[in-house]
Amino acid sequence: MEPGAWGNKTVVTEFILLGLTENIELQPILFAIFLFAYVITVGGNLSILAAIFVEPKLHTPMYYFLGNLSLLDIGCITVTVPPMLVCLLTHQCRVPYAACISQLFFFHLLAGVDCHLLTAMAYDRYLAICQPLTYSIRMSHDVQGALVAVCCSISFINALTHTVAVSVLDFCGPNVVNHFYCDLPPLFQLSCSSIHLNGQLLFVGATFMGVVPLIFISVSYAHVAAAVLRIRSVEGRKKAFSTCGSHLTVVCIFYGTGFFSYMRLGSVSASDKDKGIGILNTVVSPMLNPLIYSLRNPDVQGALKRLLTGKQPPE
């Protein structure tokens, strides 16, 4: 911290992240665990991307969105885990103010795109199952690109709003963050100025980035469920549900952890419980997504097998 331009007030120029544990004996173990998780996550998502790229059968809107989701998962875990690994390796974690604010921006940007991309994937399943005759027109390449662009634009505005709102706060006292990455609630706790506006922005952001997309997803799958139940063939029902089951599983994990983290606006104090939720958000969810989509999808499994064995896809 440095003396400010007024009085004896000090200005925070860096934050000290406490990380997952201050026990030095546990840090090498945690380093090995999270390095393994990072390698598995990046490798798994790159495998999904490669399978989608080389397999003609997977050149469909559903897999276009899945490919974008894999890119986001790689981005989300890269924003948080490598800096944490450096901290575990050096046994200290001093983060410059600008680096902390940058991490906050990119994390919320990528996580926000994730929220709305899951909504676009639900809309895609709704069109495929409920409007099959017009599906190819309504989900053309231009529409797919436009949906992804809208997801990115909304998330950029949300992330930029929170970042600017945090950057104008005064941090003039303690600079120890009880977390393993820079996020809104633990930073709010350290501010020596009013966070009333930030709390309101967080509530509005959670509504538009969480509640509204979840409503659209629920409505889409309500129509999908009704359409599937009208299918007389058991095999037809099974096939229809199998294309939606993976997506619903990912939605439950992502939104469940996200709401628990950001809707508890009455208490902004950080705790070990928040760190656990943070691990679910930033590590477990991106790591599980490739596993969930590949285990439940024979097309992806086949493409991955051909990719690993070097066999050409069938004409």
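Residues numbered from 1 in each chain as written. Predicted model: local features only at pLDDT ≥ 70, side-chain atom pairs only at ≥ 80, totals over all residues. Heavy atoms only, no water.

Throughout the structure, instances matching the rule amount to two salt bridges. As a salt-bridge pair, Arg94 and Glu14 come within 2.6 Å of each other at their nearest N and O atoms. With Arg94 in strand β4 (residues 94-96) and Glu14 in strand β3 (residues 14-17), the pair connects residues that are 80 residues apart, well separated along the chain. Here Asp124 makes a salt bridge to Arg125, at a shortest N to O gap of 3.0 Å. With respect to burial, Asp124 and Arg125 carry one shared label: buried. (Salt bridge = Lys/Arg side-chain N within 4 Å of Asp/Glu carboxyl O. Helix = DSSP H or I, 4+ residues; strand = E, 2+ residues; numbered from the N terminus. Buried < 20%, exposed > 50% of the residue type's maximum accessible area, 1.4 Å probe, protein only.)

So, on to the layout of surface pockets. Taken as a whole, the largest pocket holds about 410 Å³ of empty space. As for the largest pocket, its lining consists of 18 residues, and the residues nearest its centre are Met62, Arg125, Lys239, Thr243 and Asp299. Mapped by element, the contributors of at least two residues to the lining of the largest pocket are α2 (61-90), α3 (97-130), α8 (234-262) and α10 (298-309). Sorting elements by how many residues they give to the lining of the largest pocket places α8 first, with six residues. In terms of residue class, the lining of the largest pocket is built from seven nonpolar, four polar and seven charged. (1 Å grid on protein atoms, 1.4 Å probe; cavity = no way out; pocket = protein on both sides within 12 Å on 5 of 7 lines; lining within 4 Å. Points joined across faces, edges and corners; volume = space filled by probe spheres on them. Nonpolar A, V, L, I, M, F, W, Y, C, P; charged D, E, K, R; others polar.)

Contact geometry for α3 and helix α5 (residues 141-167): axes closest at 8 Å, N-to-C directions at 150°. Here α3 is positioned roughly antiparallel relative to α5, judged by the angle of their axes. The handedness of the crossing between α3 and α5 is right-handed. On α5, the residues that touch Tyr97, Ile101, Leu104, Phe105, His108, Leu109, Gly112, Val113, His116, Leu117, Ala120 and Tyr123 of α3 are Leu147, Val148, Cys151, Cys152, Ile154, Ser155, Phe156, Ala159, Leu160, Thr163, Val166 and Ser167. Taken together, the residues of the contact of α3 with α5 break down into 18 nonpolar, six polar and no charged. (Axes fitted to C-alpha atoms, helices over the stretch in contact; angles between N-to-C directions. Parallel < 35°, antiparallel > 145°, perpendicular 65-115°, else oblique. Left-handed = near helix turned anticlockwise from the far one by under 90°. Contact = heavy atoms within 4.5 Å.)

Below, the discussion takes up the state of the cysteines. For the structure shown, the criterion picks out three disulfides. Note that Cys87 is cross-linked by a disulfide to Cys93, the S-S spacing being 1.9 Å. Taking the sign of the S-S torsion, about 40° here, the bridge from Cys87 to Cys93 comes out right-handed. In this structure, Cys87 and Cys93 share a single accessibility class: buried. Sulfur-sulfur distance for the disulfide between Cys100 and Cys182 comes to 2.0 Å. Residues Cys100 and Cys182 are joined by a disulfide whose S-S torsion is about -120°; by sign, that bridge is left-handed. You can see Cys100 sitting in helix α3 and its partner Cys182 sitting in the loop between β5 (176-177) and α6 (184-190), a full 82 residues away along the chain. There is no split in this pair, since Cys100 and Cys182 are both buried. (Disulfide = S-S within 2.5 Å.)

The next subject is the side chain of Asn289. Structurally, Asn289 is set in helix α9 (residues 272-295). In contact with Asn289, other than residues within four places in its own chain, are Leu69, Asp73 and Val250.

A few words now on the pairing of β3. Residues of β3 alternate between two faces, with Phe15 and Leu17 buried on one and Glu14 and Ile16 left unburied on the opposite face. Alignment of β3 against β4, held across three bridges, turns out to be antiparallel. Counterpart to Phe15 in the pairing with β4 is Val95. Relative to β5, β3 runs parallel, the two being bridged by two bridges. (Pairing = 2+ DSSP bridges.)

This part covers a nonpolar patch on the surface. A contiguous nonpolar surface patch, about 460 Å² in accessible area, is contributed by Phe156, Ile157, Leu160, Val164 and Val168. For Phe156, the position within the fold is in helix α5. With a relative accessible area of 40%, Phe156 lands in the partly exposed category. (Patch = residues over 30% accessible without salt bridge, like charges linked within 9 Å, V, L, I, M, F, W, Y side chains within 5 Å. Areas by Shrake-Rupley, 256 points an atom, 1.4 Å probe, with all protein chains shown as cover.)

Pairing is mixed across the open sheet formed by three strands, whose spatial order is β4-β3-β5. Two strands bound the open sheet, and with one partner strand each, they are β4 and β5. Each of β3 and β4 touches α3; the most contacted strand, β4, lies at about 85° to it.

You can see Tyr181 is positioned in the loop between β5 and α6. Taking the relative accessible area as the measure of exposure, Tyr181 reaches 1% and is therefore buried. For the pair Tyr181 and Leu18, spaced 163 residues apart in the sequence, the C-alpha separation amounts to 9.2 Å.

The terminal C-alpha atoms of α3, which comprises 34 residues, lie 50 Å apart, in line with the 50 Å expected from a rise of 1.5 Å per residue. When you tally the buried positions in α3, you get 26 out of 34 residues, the bulk of the element. (Expected span 1.5 Å × (residues − 1).)

Function cannot be inferred from these measures alone, as they are strictly geometric.
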